[in-house]
Amino acid sequence: MNTVDNQLPFVLRASNISEISQVYATGDRDFTDIQLNGIDLSVSDLSWSFLSDTDLEGFDFSNANLSFATLRGANLKGANLCLAILRGSDLRNANLQEAILSGSILRGADLQEANFSNAYLLGSNLSDAILSNANLSNAHLLGANLSNTDFSGATVDNARFGWNTGISNQMKFELQL
């Protein structure tokens, strides 16, 4: 958490990506207290960053690198994460309703209890991801790589699967496909 001399927390207000880059360059990866409203984060390198419980509704993270980022409990409703790299990221309890994750890499990501209702995951790589107790109602997963993906307890009502790689007969049975 960012503090001033008297050690009281304060909020950084970043006006552009260069300010975020300056913070990142110092080695600080905790952006929890930075207001990111209106900043274009597409094509940004935010790997290993800490954005838990942050309101990122509608943000553009297309083509961004969020590998190993912590986005636990973040609100990413309607966010554009098309072609984003989220390998090994922590998105537990995140709200990804109506988010666009087409072509994104979520390999090994922790997506437990995340809300992907009405999200687009077309052609995404979800191999080795943990989606236990996640909500995938009405999600579009056509062409997604589902190798070794854990769907235990996940809600998949009206989710659209097809042309998926790595989907085993056991997984088809469990998901009632």
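Criteria and cut-off values
Residues numbered from 1 in each chain as written. Predicted model: local features only at pLDDT ≥ 70, side-chain atom pairs only at ≥ 80, totals over all residues. Heavy atoms only, no water. Helix = DSSP H or I, 4+ residues; strand = E, 2+ residues; numbered from the N terminus. Buried < 20%, exposed > 50% of the residue type's maximum accessible area, 1.4 Å probe, protein only. Contact = heavy atoms within 4.5 Å. Areas by Shrake-Rupley, 256 points an atom, 1.4 Å probe, with all protein chains shown as cover. Core = buried A, V, L, I, M, F, W, Y, C linked by side-chain atoms within 4.5 Å. pLDDT = per-residue confidence, 0-100.

When helices and strands are counted, the protein shows two helices and two strands. Listed N to C, the secondary structure of the protein is β-α-β-α in terms of helices and strands. Looking at the protein as a whole, 46% of its 177 residues qualify as buried. Within the protein, contacts between residues separated by at least 24 positions form 4% of all contacts whose residues are at least 6 apart in sequence. A total accessible area of about 8,600 Å² is found for the protein, and carbon and sulfur atoms account for 47% of it.

This part takes up the nonpolar core. Ranked by internal contacts, the top residues of the largest apolar core, which has 46 residues, are Phe61, Leu96, Leu101, Leu111, Phe116 and Leu136. Beyond its immediate stretch of four places on either side in the chain, Leu101 contacts Leu81, Cys82, Leu86, Leu96, Leu106, Phe116, Ala119, Tyr120, Leu121 and Ser124.

Looking at where Ser168 falls in the secondary structure, it is placed in the loop between β2 (34–35) and α2 (169–174). What makes Ser168 partly exposed here is its relative accessible area of 35%. Along the backbone, Ser168 and Leu146 are 22 residues apart, and their C-alpha atoms lie at a distance of 8.8 Å.

Another point: unusual backbone geometry. The backbone of Asn63 sits at a positive phi, close to 65°, despite the residue not being glycine. Within the fold, Asn63 resides in the loop between β2 and α2. With relative accessibility at 42%, the residue Asn63 sits in the partly exposed group. Even without being glycine, Asn148 reaches a positive phi, approximately 60°. Secondary-structure assignment places Asn148 in the loop between β2 and α2. Judged by its relative accessible area of 63%, Asn148 is exposed.

The subject of this paragraph is the environment of Leu71. Assignment of secondary structure puts Leu71 in the loop between β2 and α2. On a C-alpha basis, the gap between Leu71 and Leu51 in space is 4.9 Å, while along the polypeptide they are 20 residues apart. Filtering out sequence-adjacent residues up to four positions away, Leu71 remains in contact with Leu51, Ser52, Leu56, Leu86, Asp90, Leu91 and Ala94.

Moving on, we come to the confidence of the model for the protein. On average, the protein scores 85 in pLDDT, and the residues at 70 or more come to 81%. Put simply, strand β1 (residues 12–13) is where the protein has its lowest mean pLDDT, 38, and α2 is where it has its highest, 76. Note that pLDDT drops below 50 for residues 1–16; the model gives that stretch 30 contacts with residues more than four away or on any other chain.

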